[in-house]
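# A look at the structure
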Amino acid sequence: EAQVTQNPRYLITVTGKKLTVTCSQNMNHEYMSWYRQDPGLGLRQIYYSMNVEVTDKGDVPEGYKVSRKEKRNFPLILESPSPNQTSLYFCASSYQVASGELFFGEGSRLTVL
Amino acid sequence: GQNIDQPTEMTATEGAIVQINCTYQTSGFNGLFWYQQHAGEAPTFLSYNVLDGLEEKGRFSSFLSRSKGYSYLLLKELQMKDSASYLCAVKPTGGFKTIFGAGTRLFVKA
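Summarised in this report is the structure supplied together with it. The model shown is predicted, which means the values in this text are computed figures rather than measured ones.

## As for the sheet that holds strand S8 (residues 76–78) of chain A
By way of backbone hydrogen bonds, the strands of a sheet pair with one another, either parallel or antiparallel. All names here are of chain A. If you walk across this open sheet you meet the 4 strands as S1-S3-S8-S7, and the pairing is antiparallel. For this open sheet the edge positions go to strand S1 (4–7) and strand S7 (65–66), each flanked by a neighbour on one side alone. Sheet topology note: the strand S3 (residues 19–25)/S8 ladder contains 3 bridges and is antiparallel. For Leu19, the partnering residue across the bridge sits in S8 and is Leu78.

Here it is in structure tokens:
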């Protein structure tokens, strides 16, 4: 089954404790992206990757890092989480950068205390 | 700046037709998408417009006017399961980013 898989789905952590949210897709998509979704603000893009070893900042990259060492994986790293990073995070992938629809993972709800 | 506007909430009756509007101001244009998102779930793709006009797909249609920076999503023969948020998203020039509107929550009542 074609899918985007994120882990963990739910996480409660404390300020400053490094964490990684994994994302994996099995559709051989070149383009992958991370979004956060907050009430009233919609989905905001954190980082995106056009291919292996090619990443770039989205609109809200501060406090986040990403890597793309393999085509299928695109982890999101929070080196020192803060409460303002409490949010619902979505990973997405697309077969075509410009016109392709996004396929989303199920989301990861993160709470930073 | 880049901005996408859509109504926050709409209510419609089962069996009726509803139109959800979206206006956008972005640095260039490389396509407009509509996604559906049920509460607690991931967004799923509904439609894609890159040229002016109407794209029809079953009960859902999407319209685009690039000169006006305007799109709408038309839902016909509404069903209770259509209660969801509808997200308008635009790809600016370059196509590497996708900018989303805040979404329109649609309530379908019996």
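## Some thoughts on the interface of chain A and chain B
Accessible area lost upon the coming together of the parts is a frequently used measure of interface size. On the side of chain B, 19 residues touch chain A, which itself brings 23 residues to the contact. Across the interface of chain A and chain B, roughly 1700 Å² is buried in total on both sides, 55% from carbon and sulfur atoms. Counting across the chain A and chain B interface gives 1 salt bridge. Every element with two or more residues in the side of chain A that touches chain B is listed here: strand S4 (31–38) and strand S5 (42–51) of chain A. In terms of residue count, S5(A) provides more of the side of chain A that touches chain B than any other element does, 5 residues in total. Across the side of chain A that touches chain B, the residue classes tally to 11 nonpolar, 8 polar and 4 charged.

## A few points about the state of the cysteines
All names here are of chain A. Counting across every chain of the model gives 2 disulfides over all chains. Between the sulfur atoms of Cys23 and its disulfide partner Cys91 the distance amounts to 1.9 Å. Disulfide Cys23-Cys91: the torsion about the S-S bond is -75°, which places it as left-handed. Here the residue Cys23 occupies a position in strand S3, and Cys91 occupies one in strand S9 (residues 87–94), the gap between them amounting to 68 residues. Of the two residues examined, Cys23 and Cys91, each falls in the buried class.

## Here's the deal with the packing of aromatic side chains
Counting across every chain of the model gives 17 aromatic pairs over all chains. A ring pair is formed by Tyr35(B) and Phe100(B), whose centres lie 5.7 Å apart and whose planes are at 45°; its orientation type is tilted. Within this pair, whereas Tyr35(B) is found in strand S4 (residues 32–37), its partner Phe100(B) is found in strand S10 (residues 99–100), the two being separated by 65 residues in sequence. When its relative accessible area of 1% is taken as the criterion, Tyr35(B) is described as buried. The buried category is assigned to Phe100(B), whose relative accessible area is 6%. Put simply, the rings of Tyr35(A), Phe90(A), Phe104(A), Phe33(B), Tyr35(B), Phe45(B), Tyr48(B) and Phe100(B) touch in pairs and so form one group of aromatic residues.

The rules behind the values
Sequence order as written defines residue numbering, which begins from 1 separately in each chain. The order in which chains are written sets their letters, starting at A; the order in which ligands are written sets their numbers, starting at 1. With the structure being a predicted model, the display of local features is reserved for residues of pLDDT at least 70 and the display and counting of side-chain atom pairs for 80 or more, all residues being used for whole-chain, interface and lining totals. The side-chain numbers reported here are obtained from all heavy atoms of the structure, hydrogens and water having been left aside. Paired strands are those between which DSSP finds at least two bridges. The helix and strand labels rest on DSSP assignments: H or I over at least four residues marks a helix, E over at least two residues marks a strand, and numbering proceeds from the N terminus. Working rule for contacts: check all heavy atoms of both residues, and any pair within 4.5 Å makes them a contact. Once two parts are brought into contact, the accessible area they lose, counted with a 1.4 Å probe and summed over both, makes up the buried area. Any carboxyl oxygen of Asp or Glu within 4 Å of a side-chain nitrogen of Lys or Arg constitutes a salt bridge here. As a working rule, the residues Ala, Val, Leu, Ile, Met, Phe, Trp, Tyr, Cys and Pro are called nonpolar, Asp, Glu, Lys and Arg charged, and the rest polar, with Gly in that last group. Note on terminology: disulfide denotes any pair of cysteine sulfur atoms within 2.5 Å. Throughout, exposure labels follow a simple rule: accessible area from a 1.4 Å probe, protein chains only, divided by the maximum for the residue type, with under 20% read as buried, over 50% as exposed, and the rest as partly exposed. Note on aromatic contacts: the rings of Phe and Tyr and the six-membered ring of Trp form a pair at centre separations within 6.5 Å, being stacked when their planes are under 30 degrees apart, edge-to-face when over 60 apart, and tilted otherwise.

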